[in-house]
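Spelled out, the chains give:
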Amino acid sequence: MALLIRGGEIVTAESRSRGDIFIEDETIAHIGIDLTAPPETEVVDATGKLIFPGFIDPHVHIHLPFMATFAKDTHATASKAALIGGTTTFIEMCCPSRNEDALDGYNIWKQKAEGNSACDYAFHMAVTRYDSDTEAQLREIVRDGTASFKVFLAYKNFFGVNDEELFQTLQLAAELGVITTAHCENAELVSQLQQLLLAEGKTGPEWHEPSRPEAVEVEGTSRFATFLEQTGATGYVVHLSCAPALRAAVEAKLRGVKIYVESVLPHFLLDKSYAERHGVEGMKHVMSPPLRDRRNPPALWSALQAGLIDTVGTDHCPFDIEQKLLGANNFTQIPNGIPGLEDRVNLMYTYGVKRGTLDIHRFVDALSTRPAKLFGLFPRKGSISVGADADLVIYDPKYRGMISAATQHSNNDYNGFEGFAIEGRPSHVTVRGKVQARDGVFVGEPGRGRMLRRQPQYGARQVSEEALTHVG
Ligand code: URP
Ligand code: ZN
Ligand code: ZN
């Protein structure tokens, strides 16, 4: 059925103007003033509202076997939470363990998602081992439309790759023209520091940050940049948490390394004092890289506004209180992760745009358009333009509310942002022209989401004109 969205203020990464949007056959058919529509058309009055392109979360974990347990969401619960919060596409980290074949893992992740997601989705393929079979499997995965890799320089003996495997992965990525995303912490230093702290009887969650200090992340970021430089591959640092690591990434950018930077919701809004809270309250705020000293969030906001940080994701990774308590006597066993998929848009709008620290166009760019460009989804996603998928967020800037586990839709029994006020919320969220969420309620088709297949765009041939225009 056709849909007409009337009288909203259309806000994109570049522009802002009042207008109507007419949607037919899942895509945007017309944008203009006082559009008329056939009689059967569903009409949504967007007067007084903002209309954004559907937001894209470039970093989520849904199915995730990790730290002796599994993350709590399913594709059904996570996608509904995403949509209610204005995210219409997510890119999930497909993370088989080191003793699993890449292709087997990929097929498991695809099966988990297929028919179960209410919003569109794609994968980053984690390379957690590189041996003689891996290369052929990765080529097949890229041919299947998953045109980005993930490497972990952390998590020794689990997801982590060694330098030889990192080099091989990046060589293949450069040849295939795919971008490689990376968790940048030095696995050996983390392991050694953890053992030292435990030997001193330091077992609580407040010791998580000292076990992976900023220097550990700086080393990982610099090493990743050096490996990109030597292989000619294009890279993307995930969940960068602190100013010194940002400096390392920016220095690499300045010397011409093709490196992009993501920071995630918790690092903008929380600091390490949350993880220093007593008992399980601290454990709820354990993630890696850790929440940092309070000097860092203001630096991240400035860098985001300046475009030195390219994108904002969540690193959504829900473990409930019972799971967090697996590390009650040993901080190294607290499952790492803070969920945020449902809250990213509202919190970044409230504490960025409304507080005057983030320009509204940069907000749209970092949370929608730039992830679409970097990961081969633009202009189908991340734009409001004729022919684009009609993924739209009609946003009510007058809404006032509060984040709470009691009202969230993600499958978890706590929220790391409990009690944070929000000033704005999506009133309607569409996926390819169908209203899937309205005023905090899921009202759509549960299995509507499709896997998005993407083309490599960083190959020697394409990188010149096309990719640079897209990346902008
Ligand atoms: O603490 C985190 N970040 N958990 C999820 C796994 C990862 O490193 O992204
Ligand atoms: Zn990570
Ligand atoms: Zn992650």
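Residues numbered from 1 in each chain as written. Chains lettered and ligands numbered in written order. Predicted model: local features only at pLDDT ≥ 70, side-chain atom pairs only at ≥ 80, totals over all residues. Heavy atoms only, no water.

**Student:** Which residues make up the nonpolar core, and what values do they have?
**Tutor:** By size, the foremost hydrophobic cluster in this structure holds 120 residues, and its most contacted members are F52, F149, F224, L269 and F363. The dominant element in this core, judged by the number of residues it contributes, is helix α14 (residues 360-374), at 7 residues. Residues in contact with F224, not counting those within four places in the same chain, are V151, L153, L166, L170, T180, A182, C184, G235, Y236, V237 and I259. Counting residues in each nonpolar core, the second largest holds 14 residues, with L3, I5, I384 and A390 among its members. (Core = buried A, V, L, I, M, F, W, Y, C linked by side-chain atoms within 4.5 Å. Buried < 20%, exposed > 50% of the residue type's maximum accessible area, 1.4 Å probe, protein only. Helix = DSSP H or I, 4+ residues; strand = E, 2+ residues; numbered from the N terminus. Contact = heavy atoms within 4.5 Å.)

**Student:** How would you summarise the coordination of the zinc ion (ligand 2) if you had to cite specific residues and measurements?
**Tutor:** Only H183 (ND1) and H239 (NE2) from the protein reach the zinc ion (ligand 2) as donors, at distances of 2.1 Å. Here the zinc ion (ligand 2) is ringed by 4 donor atoms whose angles at the metal span 56 to 151°, and the overall shape comes out irregular. A separation of 3.7 Å is found between the zinc ion (ligand 2) and the zinc ion (ligand 3). Taken together, the residues H183 in strand β12 (residues 179-183) and H239 in the loop between β13 (234-237) and α8 (243-254) connect sequence positions 56 residues apart. Overall, H183 belongs to the buried group, its relative accessible area being 1%. Looking at H239, the relative accessible area reads 2%, which means it is buried. (Donors = N, O, S within 2.8 Å, 3.2 Å for Na, K, Ca; no water. Tetrahedral: all angles 85-135°; square planar, octahedral: opposite > 155°, others 65-115°.)

**Student:** Before we move on, could you go through the environment of M348 and cite the residues and values that matter?
**Tutor:** Considering the arrangement of structural elements, one finds M348 in helix α13 (residues 344-354). In this structure, M348 is in contact with L265, F268, W301, L304, V312, V353, F363 and L367, ignoring residues within four places of it in sequence.

**Student:** Describe in detail the site of ligand 1, supporting the description with residues and values.
**Tutor:** Residues in contact with ligand 1, as listed here, are H59, H61, Y155, H183, H239, M287, S288, D315, C317, N336 and G337. Here an oxygen atom of ligand 1 and a side-chain polar atom of H61 are 3.0 Å apart. Residue G337 places a main-chain N or O atom 3.5 Å away from an oxygen atom belonging to ligand 1. Contact with the protein chains removes 100% of the 260 Å² of surface that ligand 1 exposes when unbound. In this structure the site holding ligand 1 corresponds to the largest cavity. Partitioning the shell around ligand 1 into residue classes produces 3 nonpolar, 7 polar and 1 charged. (Near = heavy atom within 4 Å. Polar contact = N/O pair within 3.5 Å; in protein donor to acceptor, adjacent residues only side chain to side chain. Areas by Shrake-Rupley, 256 points an atom, 1.4 Å probe, with all protein chains shown as cover. 1 Å grid on protein atoms, 1.4 Å probe; cavity = no way out; pocket = protein on both sides within 12 Å on 5 of 7 lines; lining within 4 Å. Sits in = over half its atoms within 2 Å of the grid points. Nonpolar A, V, L, I, M, F, W, Y, C, P; charged D, E, K, R; others polar.)

**Student:** Got a sec to walk through the confidence of the model for the chain? Specific residues and values, please.
**Tutor:** Caution is warranted with low-pLDDT regions, since their predicted coordinates should not be read in detail. On average, residues of the chain score 96 in pLDDT, and 97% of them reach the 70 mark or higher. With pLDDT under 50 throughout, residues 461-472 is counted as low confidence; its partners more than four residues away or in other chains account for 16 contacts. (pLDDT = per-residue confidence, 0-100.)

**Student:** Can you lay out the coordination of the zinc ion (ligand 3) for me, pointing to particular residues and giving the numbers?
**Tutor:** In this structure, H59 (NE2), H61 (NE2) and D315 (OD) serve as the protein donors to the zinc ion (ligand 3), at separations of 2.0 to 2.1 Å. Classification of the site at the zinc ion (ligand 3) as irregular follows from its 4 donor atoms and the range of 87 to 141° in their angles at the metal. One chain supplies every donor to the zinc ion (ligand 3), and in sequence these donors are spaced H-x1-H-x253-D.

**Student:** Provide a residue-level description of helix α7 (residues 214-231), including the pertinent values.
**Tutor:** The terminal C-alpha atoms of α7, which comprises 18 residues, lie 26 Å apart, in line with the 26 Å expected from a rise of 1.5 Å per residue. V216, E217, G220, T221, R223, F224, A225, F227, L228 and T231 are the residues of α7 that are buried. G232 sits one or two positions beyond α7 and adopts a positive phi of about 75°. (Expected span 1.5 Å × (residues − 1).)

**Student:** Just give me the short version of the layout of surface pockets, but keep the residues and values in it.
**Tutor:** Over the atoms, a rolled probe matching the size of one water molecule traces out where space is still vacant. Approximately 440 Å³ is the volume attributed to the largest pocket. With 6 residues, helix α5 (residues 187-199) is the single largest residue contributor to the lining of the largest pocket. For the lining of the largest pocket, a count of residues per class yields 10 nonpolar, 8 polar and 2 charged. (Points joined across faces, edges and corners; volume = space filled by probe spheres on them.)

**Student:** How would you explain the pairing of strand β11 (residues 148-152) if you had to name every residue and give the values?
**Tutor:** Extensive coverage of β11 is indicated by the burial of 5 of its 5 residues. In this sheet, β11 lies alongside strand β10 (residues 120-126) in parallel orientation, the contact comprising 2 bridges. Residue pairing for β11: A126 is matched across the bridge by K150. Remark: the β10/helix α3 (residues 134-143)/β11 crossover connection has right-handed handedness. (Pairing = 2+ DSSP bridges. Right-handed = clockwise from strand over helix to strand, strands pointing away.)

**Student:** Talk me through the side chain of Q194; I want residue IDs and the actual numbers.
**Tutor:** Take Q194: it is sitting in helix α5. Aside from chain neighbours lying at most four places away, what touches Q194 is S211, R212, F331 and T332.

**Student:** So what's going on with the state of the cysteines? Which residues, and what values?
**Tutor:** Overall, the coordinates contain 0 disulfides when judged by the stated rule. In this structure C184 is not part of a disulfide, and its nearest cysteine sulfur, from C242, lies 11 Å away. Since its relative accessible area comes to 3%, C184 is described here as buried. (Disulfide = S-S within 2.5 Å.)

**Student:** Account for the pairing of β13, naming residues and giving values.
**Tutor:** Here is the key point about a regular strand: its side chains alternate between the two faces of the sheet. Here β13 shows two buried faces, one formed by T234 and Y236 and the other by G235 and V237. Across 4 bridges, β12 lies against β13 in parallel orientation. Paired with A182 across the strands is V237, a residue of β13.

**Student:** Help me get a handle on empty space enclosed by the protein, residues and values and all.
**Tutor:** As enumerated under the stated definition, the model contains 5 cavities of 30 Å³ or more in all. There is about 130 Å³ of room inside the largest cavity. For the largest cavity, the lining is made up of 16 residues, of which H61, F66, Y155, S288 and D315 are closest to its centre. The class makeup of the residues in the lining of the largest cavity is 7 nonpolar, 7 polar and 2 charged. There is about 60 Å³ of room inside the second largest cavity. Lining of the second largest cavity is provided by P96, E100, D101, A102, A126, V127, T128, R129, D131, D133, T134 and Q137. Along the lines of polarity and charge, the residues of the lining of the second largest cavity split into 4 nonpolar, 3 polar and 5 charged.

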